[in-house]
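# Coordinate analysis (summary)
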Amino acid sequence: MSALAALSGAIGFLTRLPAGRDADAWDAFAATPAAFLPVGYLVGGVAAAALLVPAPDPAQAFLYLATIYGVTGINHVDGVADLGDAAVVHGDPERRREVLKDTTVGVGAVLAVALVVAGLALAALALAGLPWPIAVGIVVAAEVGAKLGMAALACLGAAPHDGLGSQFTATNGAGSLVVPALLAAPAVALTWPNAAATGALAGALVATAAVLHWSTRALGGVGGDAFGATNELGRLGGLYGGLLAWSLLPEVILWTPS
């Protein structure tokens, strides 16, 4: 399976762009976790462009939101909604997995999606007030971190049943995470010498760890909804991680030549 086919499949799965809709591209992508990362740079770059539009800060924040969901669609938000409903259910993992299959939208889903969208809007508003190289770096690094998180689920998670999640986890192991991590590493330099991009990557991975831990404990493993939620929560965690690093460590020098 070629790297080009895997990348095409990743674009088709992670965005609304007209690529990777055939079975060969999907199979190549499912077996290649590294393919998540280039799409992170692509989506992050496009979304960051919204913060370069000469407009008031609230307008830039709205454009960022519109761009993110215009490019990626809302399929992954469905994962947030489903996990939100499952989180408020009392019962064992089997009972919670039943809720994931229910097409009825519950209060947990509404609250979870509302918090994510509001969180993105507020983060974008804060980013709009930063120097543009820092804002762009945080946005791109957060998106790359979210895609690294999805790759981590594919390599470290176990699916509780056959489905979308198992198509990733069945063909990958912990060793498959090395290349995605290497591809994500250059993102830390996007705000060099400031640590904001590093904070964005770290924030996305913290969110990923939370989804992986909760899904494994509460659902018995990571299914397709966990992947979608990791994309959305990883982005959110990445933006706030970057903002925190910028505000708390504004003068940090990551590396200086001797």
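Residues numbered from 1 in each chain as written. Predicted model: local features only at pLDDT ≥ 70, side-chain atom pairs only at ≥ 80, totals over all residues. Heavy atoms only, no water.

Each helix and strand in the protein was counted, giving 12 helices and zero strands. The order of helices and strands in the protein, counted from the N terminus, is α-α-α-α-α-α-α-α-α-α-α-α. Scaling as 2.2 N^0.38, a compact globule of 258 residues should have a C-alpha radius of gyration of about 18 Å, and the protein matches this with 18 Å. Taken over the C-alpha atoms alone, the protein extends approximately 50 × 40 × 35 Å along its principal axes. Considering the protein as a whole, with its 258 residues, one finds that 51% of them fall into the buried category. (Helix = DSSP H or I, 4+ residues; strand = E, 2+ residues; numbered from the N terminus. Rg over C-alpha atoms; globule rule 2.2 N^0.38 Å. Buried < 20%, exposed > 50% of the residue type's maximum accessible area, 1.4 Å probe, protein only.)

Relative to the helices and strands, Leu 37 resides in helix α3 (residues 36–49). Judged by its relative accessible area of 0%, Leu 37 is buried. C-alpha separation for the pair Leu 37 and Asp 57, spaced 20 residues apart in sequence, amounts to 29 Å. Discounting residues that sit within four places of it in the chain, Leu 37 has contacts with Val 144, Lys 147, Leu 148, Pro 180, Leu 183 and Ala 184. (Contact = heavy atoms within 4.5 Å.)

So, on to the confidence of the model for the protein. Averaged over all residues, the pLDDT of the protein is 88; the fraction at 70 or higher stands at 92%. When the criterion is pLDDT under 50, residues 253–258 qualifies, and its contacts beyond four places in sequence or with other chains add up to eight contacts. (pLDDT = per-residue confidence, 0-100.)

With respect to the element layout, Thr 169 can be found in helix α9 (residues 164–169). Non-local contacts of Thr 169, meaning those with residues more than four positions away in its chain, are made with Leu 153, Ala 154, Gly 157, Ala 158, Ala 159 and Val 222.

This part takes up the packing of aromatic side chains. Two numbers describe a pair of aromatic rings. These are the distance of the centres and the angle of the planes. Here the structure, examined in full by the defined rule, presents nine aromatic pairs. Arranged with centres 5.8 Å apart and planes meeting at 75°, the rings of Trp 26 and Phe 29 form a pair that is edge-to-face. Within this pair, Trp 26 and its partner Phe 29 are both found in helix α2 (residues 23–30), separated by three residues, close to a single helical turn. Residue class for Trp 26 comes out buried when judged on its relative accessible area of 18%. A relative accessible area of 0% places Phe 29 in the buried class. Ring centres of Phe 29 and Phe 168 lie 5.3 Å apart, and the angle between their planes is 80°; on these two criteria the pair is classed as edge-to-face. Here Phe 29 is found in helix α2, whereas its partner Phe 168 is found in helix α9, with 139 residues between them in sequence. For Phe 168, a relative accessible area of 1% translates into the label buried. Through a chain of ring-to-ring contacts, the aromatic side chains of Phe 13, Trp 26, Phe 29, Phe 36, Phe 168 and Phe 227 assemble into a single cluster. (Phe/Tyr/Trp six-rings, centres within 6.5 Å; stacked < 30°, edge-to-face > 60°.)

This paragraph deals with the pattern of salt bridges. With the rule as written, the count across this model stands at three salt bridges. A salt bridge links Glu 143 to Lys 147; its shortest N-O distance comes to 2.6 Å. Of this pair, Glu 143 and Lys 147 are both found in helix α8 (residues 132–156), four residues apart, which corresponds to roughly one turn of the helix. Where Glu 143 meets Arg 235, a salt bridge forms, and the shortest distance between an N and an O atom there is 2.9 Å. (Salt bridge = Lys/Arg side-chain N within 4 Å of Asp/Glu carboxyl O.)

On the surface, Val 178, Val 179, Leu 182 and Leu 183 cluster together to form a nonpolar patch covering roughly 350 Å² of accessible area. Position of Val 179 among the secondary structure elements: in helix α10 (residues 178–184). Look at Val 179 and you get partly exposed, because its relative accessible area is 45%. (Patch = residues over 30% accessible without salt bridge, like charges linked within 9 Å, V, L, I, M, F, W, Y side chains within 5 Å. Areas by Shrake-Rupley, 256 points an atom, 1.4 Å probe, with all protein chains shown as cover.)

Here we come to helix α11 (residues 196–219). Look at α11: 34 Å from first C-alpha to last across 24 residues, which is about the 34 Å you get at 1.5 Å a residue. Positioned one or two residues after α11, Gly 220 has a phi angle of 85°, which is positive. (Expected span 1.5 Å × (residues − 1).)

Here we come to the environment of Val 43. Its place among the elements puts Val 43 in helix α3. Separated by 100 residues in the primary sequence, Val 43 and Glu 143 have C-alpha atoms spaced 7.0 Å apart. What Val 43 contacts, discounting residues up to four positions off in sequence, is Thr 15, Ile 68, Val 71, Thr 72 and Glu 143.

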